[in-house]
Amino acid sequence: MAKRLILMGPPGGGKGTQAKRIQERYGIPQLSTGDMLRAAVSAGTPIGKQAKTVMDAGKLVSDEIMVGLIAERIDQADCATGFILDGFPRTIPQAEALDKLLKSKGIKLDSVIEVQVPDEKLVTRITGRFTCKACGEGYHDTFKTPKKAGVCDVCGGAEFSRRADDNAETVKARLAAYHAQTAPLLPYYEGQGLLKVVDGDRDMSVVTADLEAILGR
Ligand code: ADP
Ligand code: ADP
Ligand code: ZN
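Computed from a predicted model, the values in this text were never measured in an experiment.

J.: Break down the site of ligand 1 for me, citing the residues and quoting the values.
T.: In the vicinity of ligand 1, 17 residues are found, and the nearest of them are G12, T17, R129, Y139 and R202. Here an oxygen atom of ligand 1 and a side-chain polar atom of T17 are 2.5 Å apart. Taking 560 Å² as the accessible area of ligand 1 by itself, protein coverage stands at 90%. With 3 residues, the single largest contributor to the shell around ligand 1 is helix α1 (residues 15–26). Here the residues of the shell around ligand 1 sort into 5 nonpolar, 7 polar and 5 charged.

Written as structure tokens, this is what we have:
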């Protein structure tokens, strides 16, 4: 059965961590709009140039750009049996555009899962986050350190990176954007009967087990 889902939640809530695990387990791709934008920034494309200033300020990139990126990505062959949207939609107009897009393809979302984490935990989550440069595996200074210091558990890589926007000041703006622009999507999907809630303020593997219980075998 196809699985088409949205992982919602605040910045640092654990969406990326969990999306990678669901991708492994169910063989459906993680579509992270943040990763797509960061790739565009590194490649220096016109979209990347426009997005960089907005991302550094902790604000949201325009709906037009985001809907275009997702429309193109969902058309690719690996999305035929499902996908995990991580970081999209983030505004009501994005959600409406997604509904239209899926409808035009004759497909439907199966679930929208909100990973709930209280605001006061998110600053620590975000400022401690780092990633393997080679394979993208996510780590945390306190909550998930590599087994051998300085070496990626997954690929053996020794280079890590931290996001430019993962600093205490920008986090405030990102949280404000989440509450003002993204949180209204929760009642939107609740109204469609799609919303499920998971307590994300627990050990990563406990959160994963809850998600797997929702998604089934
Ligand atoms: P998001 O994609 O929602 O921004 P991430 O998955 O990147 O969040 O997680 C943010 C940071 O918090 C990462 O450093 C990650 O290792 C860590 N993290 C993720 N889930 C948990 C958890 N359940 N408990 C503690 N730390 C977590
Ligand atoms: P986080 O892991 O903290 O949730 P993301 O990696 O998903 O952050 O996104 C990083 C930044 O990229 C956001 O702060 C925003 O500027 C931009 N961005 C990502 N997805 C979207 C979207 N759907 N709409 C608007 N801006 C987005
Ligand atoms: Zn690695």
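J.: So what's going on with unusual backbone geometry? Residues and values would help.
T.: Backbone torsion omega between F88 and P89 reads -5°, so that peptide bond is classified as cis. Tracing the backbone through its elements, the reader meets P89 in the loop between β3 (82–86) and α5 (92–104).

J.: So what's going on with the pattern of salt bridges? Which residues, and what values?
T.: Applying the stated rule across the entire model yields 17 salt bridges. Here K52 and D56 are joined by a salt bridge, their closest N and O atoms 2.6 Å apart. Of this pair, K52 and D56 both sit in helix α3 (residues 46–56), 4 residues apart, which is roughly one turn of that helix. Each member of the salt-bridge network shares a partner with another, and the members are R129, R163, D165, D166 and R174.

The rules behind these values
- Residues numbered from 1 in each chain as written.
- Chains lettered and ligands numbered in written order.
- Predicted model: local features only at pLDDT ≥ 70, side-chain atom pairs only at ≥ 80, totals over all residues.
- Heavy atoms only, no water.
- Near = heavy atom within 4 Å.
- Polar contact = N/O pair within 3.5 Å; in protein donor to acceptor, adjacent residues only side chain to side chain.
- Areas by Shrake-Rupley, 256 points an atom, 1.4 Å probe, with all protein chains shown as cover.
- Helix = DSSP H or I, 4+ residues; strand = E, 2+ residues; numbered from the N terminus.
- Nonpolar A, V, L, I, M, F, W, Y, C, P; charged D, E, K, R; others polar.
- Salt bridge = Lys/Arg side-chain N within 4 Å of Asp/Glu carboxyl O.

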